[in-house]
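Next come the chains, spelled out residue by residue.
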Amino acid sequence: MSETSHMTPGSATSRDPRTWSRAKRNRYGWFVTFSLLFLMMLSWADKAVLGIAAVPLMKQLDITPEQFGLVGSAMFLTFGVAQIVAAPIANKVSSKWILLVLCLLWSVAQVPILLFASLPALWVSRLLLGAGEGPLAPVLMHGIYKWFPEKKGATPAALASSGVTLGIVAFAPVLAWVIGQFGWQTAFALLAIVGLVWAVFWVIIGKEGPYTSRKAEQEIDGIAPEEAPVVSETKIRYWRTILSPSWIFAVLASFFGYWTFTLAMSWGPAYFQNVLGFSGQQSGAMIALPAAWGTIATIGLSALTQRLHLKGVPTRKARGWVLGGAGAFAGACLVAATMSTSPVLSITLMVFGFGTAPALFAITYLVVAELTTISQRGANLSIANAVLTTGGVFAPAVSGFLIGGATSPADGYRAAFALAGGLLLAFGLLALVFVNQQRDRRRLGLDIAVEAVPAGASAPDRGAETPSLEAISKA
C-alpha cells in the first residue's frame, strides 16, 4: 500500500498535496509561486549583468563594440533551440527537477568567465546561460499551474511573469554597486552563489502540485464531470496557424519588442555612462527605470485587455488593437528620444519606449492562443515564444556594429535606438491593421455558427470558443 493511500484528506503527516486541505494546498501553492518569482528575477539579473558591466569589462578585456555586441547576442543563439529541445521533456520529467537543473546550469555558466577572463570565456559563458534560461518560462509556468485550479491559475502566473522586469528593478542597482566597489567579475560570482543557494532551497521545498489534469482537478475539488469544460480535439495544421496574418504580425510586434528590451539591457548602461556621463553605479540604477515602468505597463495593459474582453469587446480590438497601439507608442517614444535635445526629455521617452516593449509579450500570447485548438495551444505558444525571443539574437550584435562604426559613440547609440524604435513603430502599426482573430478563426475553422447546428444536435464544442484569459494562461 502506498504512503498516501490510507491518509485522510488534510492529514498533517501526508506528503501528497492531493490529500491536503484546500487552504493548506493554496498556501503552499503561493509559497511555490513566490519562490519561482525569485527564480525568474534571478534569470533576468543573469541576462542584465553583462550590460551593467559593459564599460569596465570592455576596457579590461580590450573588447570592441562590435565584439561586445556579438557576445550579447550569443546567449540567444542557444535560447530558442533549448526551448524546443526541452518541450517534450517537460511532459515526462518533474518540473521540480528540470528547474533545479536549469538553475545549476546558470551557476555553472558563470565559471568560465571567473576562471578565464577573456573573450572566448565570455562566449562560452553566455552560450551556456542561453541553454539554461531558454526553457525557463514555459517550465516555470507549467510548475505553477499544477498548484492551482484552472480558473485560479492566471494571477499566480502573472505574478511570476512580472519577474522579467522586477529582476532588473531589484538586481540592477545592487549589481552596479558591486561592480563599482569590487569589480565586474564579483558581480558574476555573486549571481552564481545566489543561484546555488536557491538550488539548495528548492531541493528542500520544491514539490509538484496535484493539478496535473482536468480529471485530477475534478477529483480533488469535487467538480461534476458535466460541469467541466469540454475540450476540442480538432487538429489544425501548425503551418496554417503560423501563416495566418494575426499570428505573423502579433509575433513580429513582440519580436521587435524583444529586440528593443534586449537592446536596453545590453547597451543601455553603457549609453548612460559613455554618452550621458553618469557613473557606473548610477548607470545601473538608471536601467532599472524602464524596467519599473515595464512592470506597470505589463500589469496595466493585461488588465485593460481583460476588462475590454469581459465587456464583450471583440478580441481584435481588446487584444489586437491594444497590442498594436502599445507597440506603436513604444516605438514612437524611442524615435522621439533620439531627436530630443533635452537630456531629461530624452531619458523620459526612453523609459516609456524601452519599458513598454516587454508588455507586448503577454498580449501576443493571448492572440496566438486564439488561433489554435486547446490541445495544440501549448505547442503553438512554444513556437511563438521561440520566434519572438530571437529578437535578442539580432539586437546586441546589430547595435554593436552601429555603435562601433559611427563617427562618435553618441551617433552610434542614436542610430541603434532609432532603428529599434522605427521597426517597433512600423510593426505596431501593421499589427493594428492585420491582427484580426475573428477573421482568422473563421478561416481556420475554429468558429462554428450556433444557428448552423441542426435541430436536436448537440451545441458546438465549447473548446472552439474564444478562450478566456484564465484558460490561455493555463495553457
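Residues numbered from 1 in each chain as written. Predicted model: local features only at pLDDT ≥ 70, side-chain atom pairs only at ≥ 80, totals over all residues. Heavy atoms only, no water.

## Remarks on the overall build of the chain
Here comes step 1: Helix and strand content of the chain: 23 helices and zero strands.
Here comes step 2: Taken across its 475 residues, the chain has 52% of its residues classed as buried.
Here comes step 3: For the chain, the share of sequence-separated contacts (at least 6 apart) that also reach a separation of at least 24 residues comes to 80%.
Here comes step 4: Roughly 20000 Å² of accessible area belongs to the chain as shown, and the carbon and sulfur atoms make up 68% of that amount. (Helix = DSSP H or I, 4+ residues; strand = E, 2+ residues; numbered from the N terminus. Buried < 20%, exposed > 50% of the residue type's maximum accessible area, 1.4 Å probe, protein only. Contact = heavy atoms within 4.5 Å. Areas by Shrake-Rupley, 256 points an atom, 1.4 Å probe, with all protein chains shown as cover.)

## Quick notes on helix H13 (residues 245-274)
Here comes step 1: For H13, which comprises 30 residues, the first-to-last C-alpha distance of 42 Å matches the rise-based estimate of 44 Å (1.5 Å per residue) to within 8%.
Here comes step 2: Counting buried positions along H13 yields 25 of 30 residues, so the element is predominantly enclosed. (Expected span 1.5 Å × (residues − 1).)

## Some points on the packing of helix H20 (residues 391-405) against helix H21 (residues 409-434)
Here comes step 1: It is at 7 Å that the axes of H20 and H21 come closest, and there the two elements cross at 145 degrees. Remark: the crossing between H20 and H21 carries right-handed chirality. Counting all contacts with H20, which are made through Val398, Ser399, Leu402 and Ile403, the residues of H21 involved are Gly412, Tyr413, Ala415, Ala416 and Leu419.
Here comes step 2: Residue classes in the contact of H20 with H21 are distributed as seven nonpolar, two polar and no charged. (Axes fitted to C-alpha atoms, helices over the stretch in contact; angles between N-to-C directions. Left-handed = near helix turned anticlockwise from the far one by under 90°. Nonpolar A, V, L, I, M, F, W, Y, C, P; charged D, E, K, R; others polar.)

## So, the confidence of the model for the chain
Where the model shows low pLDDT, its predicted coordinates should not be examined in detail.
Here comes step 1: Model confidence for the chain is summarised by a mean pLDDT of 82, while 84% of its residues fall at 70 or above.
Here comes step 2: Counted against residues more than four places away or in other chains, residues 228-233, with its pLDDT under 50, gives 17 contacts.
Here comes step 3: Below a pLDDT of 50 lies the segment residues 449-475, which in the model reaches 56 contacts outside its immediate sequence neighbourhood of four places, other chains included. (pLDDT = per-residue confidence, 0-100.)

## Side note on the environment of proline 290
Here comes step 1: Looking at the secondary structure, you find proline 290 in helix H15 (residues 288-310).
Here comes step 2: Given a relative accessible area of 4%, proline 290 falls into the buried group.
Here comes step 3: The spacing of proline 290 and proline 358 is 68 residues in sequence and 10.0 Å in space, taken between C-alpha atoms.
Here comes step 4: In this structure proline 290 touches Met350, Val351, Phe354 and Gly355, once residues within four positions along its chain are discounted.

## What to know about H20
Here comes step 1: Between its first and last C-alpha atoms H20 spans 21 Å; for 15 residues at 1.5 Å apiece the expected length is 21 Å, and the two agree.
Here comes step 2: For H20, the complete set of buried residues consists of Gly391, Gly392, Val393, Ala395, Pro396, Ala397, Ser399, Gly400 and Ile403.

## Quick word on the nonpolar core
Here comes step 1: Among the nonpolar cores identified, the biggest contains 122 residues, and Leu36, Leu39, Leu57, Leu140 and Phe417 are the most heavily contacted of them.
Here comes step 2: Dropping the residues within four chain positions of it, leucine 39 is found in contact with Leu99, Cys103, Trp106, Leu136, Leu140 and Trp198. (Core = buried A, V, L, I, M, F, W, Y, C linked by side-chain atoms within 4.5 Å.)

## A word on the packing of aromatic side chains
Here comes step 1: The full count for this structure, using the stated rule, is 32 aromatic pairs.
Here comes step 2: Geometrically, the ring pair formed by tryptophan 30 and phenylalanine 148 is edge-to-face, given 5.5 Å between the ring centres and 70 degrees between the ring planes. Within this pair, whereas tryptophan 30 is found in helix H1 (residues 22-52), its partner phenylalanine 148 is found in the loop between helix H7 (136-145) and helix H8 (154-161), the two being separated by 118 residues in sequence.
Here comes step 3: Take tryptophan 30: its relative accessible area is 27%, and that puts it in the partly exposed class.
Here comes step 4: Measuring from centroid to centroid gives 5.4 Å for tyrosine 258 and phenylalanine 361, while their planes differ by 40 degrees, and the two rings are tilted. (Phe/Tyr/Trp six-rings, centres within 6.5 Å; stacked < 30°, edge-to-face > 60°.)

## Re the pattern of salt bridges
Here comes step 1: For the coordinates displayed, the defined rule picks out six salt bridges.
Here comes step 2: In this structure, glutamate 133 and lysine 47 form a salt bridge, with 2.6 Å as the shortest nitrogen-oxygen distance. Placement of the pair is glutamate 133 in helix H6 (residues 119-133) and lysine 47 in helix H1, with a sequence separation of 86 residues.
Here comes step 3: Of the charged contacts, one joins aspartate 411 and arginine 414 as a salt bridge, the two residues approaching to 2.4 Å between their closest N and O atoms. One end of the pair is aspartate 411 and the other is arginine 414, both in helix H21 and three residues apart, which spans about a single turn.
Here comes step 4: The class of aspartate 411 is partly exposed, set by a relative accessible area of 32%. (Salt bridge = Lys/Arg side-chain N within 4 Å of Asp/Glu carboxyl O.)

## Digging into a nonpolar patch on the surface
Here comes step 1: On the surface, Val81, Val85, Ile89, Val93, Trp97, Val200, Val203 and Ile204 cluster together to form a nonpolar patch covering roughly 730 Å² of accessible area.
Here comes step 2: When residues of the nonpolar patch are traced back to their parent elements, those giving at least two are helix H3 (65-90) and helix H10 (184-205). (Patch = residues over 30% accessible without salt bridge, like charges linked within 9 Å, V, L, I, M, F, W, Y side chains within 5 Å.)

## So, the environment of serine 107
Here comes step 1: Relative to the helices and strands, serine 107 is located in helix H4 (residues 95-109).
Here comes step 2: Note on serine 107: relative accessible area 7%, which makes it buried.
Here comes step 3: In this structure, the C-alpha to C-alpha distance between serine 107 and alanine 189, residues 82 residues apart in sequence, is 8.6 Å.

## Re the side chain of serine 73
Here comes step 1: Topologically, serine 73 is positioned in helix H3.
Here comes step 2: Overall, serine 73 belongs to the buried group, its relative accessible area being 4%.
Here comes step 3: Here the side chain of serine 73 touches alanine 397 through a polar contact of 3.0 Å, landing on its backbone nitrogen.
Here comes step 4: Each residue touching serine 73, except ones within four places of it in the same chain, is listed here: Gly392, Val393, Phe394, Pro396 and Ala397. (Polar contact = N/O pair within 3.5 Å; in protein donor to acceptor, adjacent residues only side chain to side chain.)

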